[in-house]
Amino acid sequence: MTILIEQPELGFAPEETKFPSELNELVLDGGCPVPQINSFGHAFRDYDAESERQKSVEEFYRLNHINKSYDFVKRMREEYGKLNRVKMSIWDCCELLNDVVDESDPDLDEPQIEHLLQTAEAIRRDYPDEDWLHLTGLIHDLGKVLLLPSFGGLPQWAVVGDTFPLGCAFDESIVHQKYFKGNPDQSNPTYSTKNGIYSEGCGLDNVMISWGHDDYMYLVAKENKTTLPSAALFIIRYHSFYPLHKSEAYKHLMNEEDVENLKWLQIFNKYDLYSKSKVRVDVEKVKPYYLSLIDKYFPVKLKW
């Protein structure tokens, strides 16, 4: 089954935005059932299913878990937080993702711009009055430009994949958790407890999250003075933090603002995951709308 992408009709009076009562039900909020299988004929996020991608995805996570230590992430944030590589508009950056395929994703082998537009348009259909959420859908994965030479040319394991905290114990819910045995943090007693270097309720903003496209795009948006609401920045920064929003791990580190923003992330996640399909979006038809949102929430050119 595929998701049909429809445009909001002029004159349509949207209902008041409400949080779904069942955030994990397999139906989008407009009532459209989601596809039960991914592009390879398997359940979504099934990392054990035999497929042409399974072996490469597992090797990806082996490298990811071995190399993403606290010290590595700290260095990446310091280096790439300078935003001194490229000056470019949001839309031009979107078009660069035509050349990017995410090797960590067991569900999709399409260029990333297809996924961005599918996500944004599905959200737009069900939440027509939340334009900030439409734009968040479009830009949430833009940090994957880190894979391109002009943005740093980082390896896939350093850019994509599920994210997780550093500085405390690696939760069992993390995909391919067994490979952390090769991570130097695993043998550091300071990092091996539930709280590690943190305190309960400290807030995720004070927690070191594994480096990747999520944190990079968050830094780009924040440092370029976006006017998107805090919920949008939360979604951008933590949309790959599946141990939290799927398995409810690390919730003890959240503060009250995190709890509120997590509600929007759980809504967003259904569209991020289940809008992955072979349905094509007419880019030229929707482009003017998204350009207007970019103008509303961002400067013309951003530092990357």
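Residues numbered from 1 in each chain as written. Predicted model: local features only at pLDDT ≥ 70, side-chain atom pairs only at ≥ 80, totals over all residues. Heavy atoms only, no water.

A.B. asks: For this particular structure, what's the right way to read the pattern of salt bridges?
C.D. replies: Within the structure shown, the criterion is met by 12 salt bridges. The partner of Glu58 in a salt bridge is Lys178, with the nearest N and O atoms 3.4 Å apart. You can see Glu58 sitting in helix α1 (residues 54-67) and its partner Lys178 sitting in the loop between β2 (165-166) and β3 (208-209), a full 120 residues away along the chain. On the accessibility criterion, Glu58 (17% relative accessible area) is buried. With its nearest N and O atoms 2.8 Å apart, the salt bridge here joins Asp205 to Arg237. On the criterion of sequence distance, the pair formed by Asp205 in the loop between β2 and β3 and Arg237 in helix α7 (residues 230-238) is long-range, its members being 32 residues apart. When its relative accessible area of 7% is taken as the criterion, Arg237 is described as buried. Through salt bridges with shared partners, one network takes in Arg77, Asp205, Asp215 and Arg237. (Salt bridge = Lys/Arg side-chain N within 4 Å of Asp/Glu carboxyl O. Helix = DSSP H or I, 4+ residues; strand = E, 2+ residues; numbered from the N terminus. Buried < 20%, exposed > 50% of the residue type's maximum accessible area, 1.4 Å probe, protein only.)

A.B. asks: Looking at this structure, how should I read the packing of aromatic side chains?
C.D. replies: For any pair of aromatic rings, the description consists of the separation of the ring centres together with the inter-plane angle of the planes. This model, assessed by the stated rule, comprises 16 aromatic pairs. Summarising the aromatic geometry, the rings of Tyr127 and Tyr271 are spaced 6.4 Å apart at their centres and angled 80° between planes, so their arrangement reads as edge-to-face. Placement of Tyr127 in the loop between α4 (112-126) and α5 (131-139) and of Tyr271 in helix α9 (residues 256-274) is noted, with a sequence separation of 144 residues between them. On the basis of relative accessibility, which here comes to 5%, the residue Tyr127 falls in the buried class. A ring pair is formed by Phe151 and Trp304, whose centres lie 6.1 Å apart and whose planes are at 85°; its orientation type is edge-to-face. Taken together, the positions of Phe151 in the loop between α5 and β2 and Trp304 in the segment after β4 (302-303) put the pair 153 residues apart, joining distant regions of the chain. Residues Phe151 and Trp304 agree in their burial class; the two are buried. An aromatic cluster is built from Tyr127, Trp132, Trp264 and Tyr271, whose rings are joined through pairwise contacts. If you follow Arg124 out to its NZ or CZ, it ends over the ring of Tyr289, 3.8 Å from the centre. (Phe/Tyr/Trp six-rings, centres within 6.5 Å; stacked < 30°, edge-to-face > 60°. Lys NZ or Arg CZ within 6 Å of the ring centre and 35° of its normal.)

A.B. asks: Just to check I follow, could you spell out a positive patch on the surface for this structure?
C.D. replies: Among the surface-exposed residues, Lys87, Lys222, Lys225, Lys301 and Lys303 lie close enough to one another that they form a single positively charged patch. Its location among the elements puts Lys301 in the loop between α10 (283-297) and β4. Taking relative accessible area as the criterion, Lys301 reaches 57% and is therefore assigned exposed. (Patch = residues over 30% accessible without salt bridge, like charges linked within 9 Å, V, L, I, M, F, W, Y side chains within 5 Å. Areas by Shrake-Rupley, 256 points an atom, 1.4 Å probe, with all protein chains shown as cover. Lys, Arg positive; Asp, Glu negative; His and termini not counted. Charge placed at Lys NZ, Arg CZ, Asp CG, Glu CD.)

A.B. asks: Please clarify how the nonpolar core should be interpreted in this entry.
C.D. replies: Among soluble globular proteins, nonpolar side chains are generally buried collectively. Formed by 90 residues in total, the largest nonpolar core has its most connected members in Ile90, Leu138, Ile139, Leu142, Tyr216, Phe298 and Trp304. Counting residues per element, this core draws most heavily on α7, which supplies seven residues. With near-sequence residues (within four places) excluded, Phe298 lies in contact with Ile90, Leu135, Ile139, Ala221, Thr226 and Leu228. (Core = buried A, V, L, I, M, F, W, Y, C linked by side-chain atoms within 4.5 Å. Contact = heavy atoms within 4.5 Å.)

A.B. asks: What is the right way to read the environment of Val220 from this model?
C.D. replies: Checked against the element boundaries, Val220 lands in helix α6 (residues 213-223). Along the backbone, Val220 and Gly81 are 139 residues apart, and their C-alpha atoms lie at a distance of 7.8 Å. Not counting residues up to four positions away in its chain, the partners in contact with Val220 are Leu83, Leu302, Lys303 and Trp304.

A.B. asks: Hey, could you run me through the packing of α5 against α10 in this one?
C.D. replies: Packed helices, taken two at a time, are described by the angle between their axes plus the distance between the axes. For the pair α5 and α10, interaxial distance at closest approach is 10 Å and the crossing angle is 105°. Taken together, α5 and α10 sit at an angle that is classed as roughly perpendicular. Facing α5, whose interface residues are Asp131, Trp132, His134, Leu135 and Leu138, α10 presents Tyr289, Tyr290, Leu293, Ile294, Lys296 and Tyr297. Classifying every residue of the contact of α5 with α10 by side-chain character gives eight nonpolar, one polar and two charged. (Axes fitted to C-alpha atoms, helices over the stretch in contact; angles between N-to-C directions. Parallel < 35°, antiparallel > 145°, perpendicular 65-115°, else oblique. Nonpolar A, V, L, I, M, F, W, Y, C, P; charged D, E, K, R; others polar.)

A.B. asks: Would you take a moment to explain α6 for this structure?
C.D. replies: Residues spaced three or four apart along an α-helix point in a common direction, a consequence of the helix completing one turn every 3.6 residues. Burial runs high along α6: nine of the 11 residues are buried. Buried residues of α6: His213, Asp214, Asp215, Tyr216, Met217, Tyr218, Leu219, Val220 and Ala221, and no others. Those residues of α6 that are buried are in contact with α2 (70-80), α3 (90-96), α5, α7 and β4. Lys225 occupies a position one or two residues after α6 and carries a positive phi of about 60°.

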